[in-house]
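# What the coordinates show
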Amino acid sequence: MTDTVIMPADTAKTLTDIDPHLDLEAEIERLRREKNAIILAHYYQDGEIQDLADFVGDSLDLSRKAAATDADMIVFSGVRFMAEVAKILSPQKTVVIPDADAGCSLEDSCQAEAFKAWRDAHPDHISLTYINCSAEVKALSDVIVTSSSAEHIINNLPKDQPILFAPDRHLGAYLQRKTGREMVLWPGTCIVHEQFSAREITRLKSQHPGALVAAHPECPESIIEVSDHVGSTSQILSFVHDNPATEFIVATEQHIIHQMEKASPDKTFYAAPGADGGCSCSSCPYMALNTMEKIYLAMLNEAPAITMPEDLRVRALKPLERMLELAPASSPSKSAA
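Because the structure is predicted, anything quoted here is derived from the model rather than measured. (Residues numbered from 1 in each chain as written. Predicted model: local features only at pLDDT ≥ 70, side-chain atom pairs only at ≥ 80, totals over all residues. Heavy atoms only, no water.)

### Regarding the pattern of salt bridges
Our working definition: For salt bridges, the criterion is a side-chain nitrogen of Lys or Arg within 4 Å of an Asp or Glu carboxyl oxygen. Note on conventions: DSSP H or I runs of at least 4 residues are helices, E runs of at least 2 residues are strands, and numbering of each starts at the N terminus. Three labels apply to residues, based on accessible area from a 1.4 Å probe with only protein chains included: buried if under 20% of the type maximum, exposed if over 50%, partly exposed otherwise in between.
Tallying each qualifying case throughout the model produces 19 salt bridges. Note that Lys-262 is salt-bridged to Asp-51, the shortest N-O span being 3.0 Å. Here Asp-51 lies in helix H2 (residues 47–52) and Lys-262 lies in helix H13 (residues 257–263), a separation of 211 residues in the sequence. In this structure, the salt-bridge partner of Arg-322 is Glu-325, at a minimum N-O distance of 3.0 Å. In this pair, Arg-322 and Glu-325 both sit in helix H15 (residues 310–326), 3 residues apart, roughly one turn of the helix. Arg-322 sits in the partly exposed class, given a relative accessible area of 37%. Here the salt bridges do not stand alone but share partners, grouping Glu-29, Arg-32, Arg-33 and Asp-54 into one network.

Structure follows, in structure tokens:
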């Protein structure tokens, strides 16, 4: 397995070196100017980090926006595979992440060696791989897909073309139902979307009968069945903003609600509960590793930083480029905006 993270040097500043009276926002702004850096924040980041960022959005959209800038440094506040995509698209830029341990359960479930063996066992299949995977798995794939582009791409494959889909089995099953195509599914899941409870969502909806349920397709089928809208993070944001309803139950990582409240302050949003009726399950523990202090240190130390051999980067780029060729013109995955 290729380690794509360069850790800070032994002499680097650490959390214990930070003056508790330091104005972190001012220092981050100073470093942003000094190092010609841009800060990217995924929708699942804490609201404080989202408000600090130059761009907030989905992982691929953020990386494409960063590639279009003249920045020398990309600070990606998200998870590791997202920062890898930024490096794949911007090899000349320094890409740093606040916490090297900010991983992803989908990426962890699909290691390159096992994925290659799976592919080798299905030589006639085309491999459609969700972007939530490592650079090594991307390099072994035919086409990378996002939750917003996957259905269109599947529908435009030859009807007799057998398909492998990895690593999210719930997204894969959702796409099977939507397209009518049989696919061999990798058994991975997202630890956030896996924990939502259809029973508790229905109970919450009974308390707020006017509320509509918006869910990400990484959710299990039982959640999809009780939802009024299913879509990617950007599609969910558009739905709750454009729909005349004033209450929504949101079945994806809860920090996206920060953007919803900013765009529609007159509406009310509820994080979808887990089986215990609570909402703690809707917070991603990997995303939560990123903090303002760690953003400051990553910029100061220029590490943890993403690196990868050029041959790996080029191989991982090809299935990303293939997706952009096949995605619909209106897809967020296609847009450079």
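Anyway, onward from the coordinates.
### Here's the deal with the packing of aromatic side chains
The line we're drawing: Ring pairs shown here join Phe, Tyr and Trp side chains whose ring centres sit within 6.5 Å, with only the six-membered ring taken for Trp; geometry is labelled stacked below 30 degrees between planes, edge-to-face above 60, and tilted in between.
Enumeration according to the criterion identifies 5 aromatic pairs in this entry. Ring centres of Phe-115 and Trp-118 lie 5.9 Å apart, and the angle between their planes is 50 degrees; this geometry places the pair in the tilted category. Here Phe-115 and its partner Trp-118 are both found in helix H6 (residues 112–120), 3 residues apart, which amounts to about one turn of the helix. When sorted by exposure, Phe-115 lands in the same class as Trp-118, which is buried. Relative to Trp-186, the ring of Trp-118 lies with its centre 5.1 Å away and its plane at 80 degrees, an arrangement referred to as edge-to-face. With Trp-118 in helix H6 and Trp-186 in the loop between strand E9 (183–185) and helix H10 (198–207), the pair connects residues that are 68 residues apart, well separated along the chain.

Function cannot be read off these values alone, since they describe shape.
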